[in-house]
Amino acid sequence: MVTHNSEKYLEINLSHIETQQFKPSEIIIVDSGSKCPNYLKELTKNLTIKTKVILNSSNIGFSKGNNIGLKNLDKNTDYVIFLNPDAFLPEDFIANIIYLTNKYKQLNIFTGKLIGYDVNAETSTNLIDSTGIFKNWYGRWYDRGQGKVDLGQYDNEILEYIPAICGALIICKYLLVKKIINNRRQFFDESFFMYKEDIELSLYTISVGEVPKYFFNLKAFHCRGWNNNRKKMSRIARLLSAKNDVIIAFRYSRLSIPFSILKYLGVKFFNL
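What comes next is a walk through the structure.

1. Describing the sheet that holds strand β1 (residues 2–3)
- A sheet is described by the order of its strands in space; here three strands give the open sequence β1-β2-β3, paired in parallel fashion. In the strand order of this sheet, the two ends are held by β1 and β3 (51–56), each with one partner.
- Bridge analysis of β1 against strand β2 (residues 27–32) gives two bridges, and the strand direction is parallel. Note on β2: the bridge partner recorded for T3 is D31.
- With respect to the sheet, helix α3 (residues 62–71) is in contact with β1, β2 and β3, its orientation differing from that of β2 by roughly 140°.

Here you go:
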């Protein structure tokens, strides 16, 4: 987990990990320049799971933070869960991962259904947050089903190939992690400070022959700090997102270049 001023969410997050039917071998928390990271020591001191906290004095971003975490990972690891601090796992989540990876021996990178969560009310919203990231015909990326009531409309297949995985919850076989690092010296592209790094990673894994997969019965919860509303995102955040759209289009999808450039110019000059 990469944290940045995540005190509001992390206690709930860690309590869900601590009560897993099958506990992970370790938790690695990389703090990315929180104003007061002392809360991490208090939250982790009573965990029964081996936990490592790595502090950074400045905000280094999601990609670099995760890459630092990977450098501190036990080399005998089988699978890595990349988890946002505001994403919470039901108690059978890791047990379901074990079941799926035993059933599908070549399962290398995958995700589950993310459902919205109201942290103030401490309850699920029953609205879909993400069932994978998809792209429409002109190049706009979107989380499938986001904001819709979960009626099982994306529960048709036990195993579904998807274009990209939401970065709030990525499960990856460590052998694939090492393969990607060997290929390009990093797992997440650190030039992506924030936004779209999950799409870039997914498209890169496809380029090396590993298509991301989605399991509807692997469910977790996600608060999503800006409440799915672009108007609540800062202009800098929207500009970074649009800039990364352009980079992805040039690398992986030339047909998306016109839309991505127009989007970037719209944010930069008209604050759209």
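Additional details are given in the paragraphs that follow.
2. Some words on a nonpolar patch on the surface
- Where nonpolar side chains cluster on the molecular surface, the patch consists of F250, I261, L265, F269, F270 and L272 and spans about 640 Å² of accessible area.
- Structurally, the position occupied by F269 is in helix α8 (residues 257–270).
- For F269, a relative accessible area of 56% puts it in the exposed group.

3. Topic: the side chain of S32
- Take S32: it is sitting in strand β2.
- S32 sits in the buried class, given a relative accessible area of 1%.
- A polar side-chain atom of S32 sits 3.3 Å from the main-chain amide nitrogen of G61.

Each value, and the rule that gives it
- Residues numbered from 1 in each chain as written.
- Predicted model: local features only at pLDDT ≥ 70, side-chain atom pairs only at ≥ 80, totals over all residues.
- Heavy atoms only, no water.
- Pairing = 2+ DSSP bridges.
- Helix = DSSP H or I, 4+ residues; strand = E, 2+ residues; numbered from the N terminus.
- Contact = heavy atoms within 4.5 Å.
- Axes fitted to C-alpha atoms, helices over the stretch in contact; angles between N-to-C directions.
- Patch = residues over 30% accessible without salt bridge, like charges linked within 9 Å, V, L, I, M, F, W, Y side chains within 5 Å.
- Areas by Shrake-Rupley, 256 points an atom, 1.4 Å probe, with all protein chains shown as cover.
- Salt bridge = Lys/Arg side-chain N within 4 Å of Asp/Glu carboxyl O.
- Buried < 20%, exposed > 50% of the residue type's maximum accessible area, 1.4 Å probe, protein only.
- Polar contact = N/O pair within 3.5 Å; in protein donor to acceptor, adjacent residues only side chain to side chain.

By themselves these figures say nothing about function.
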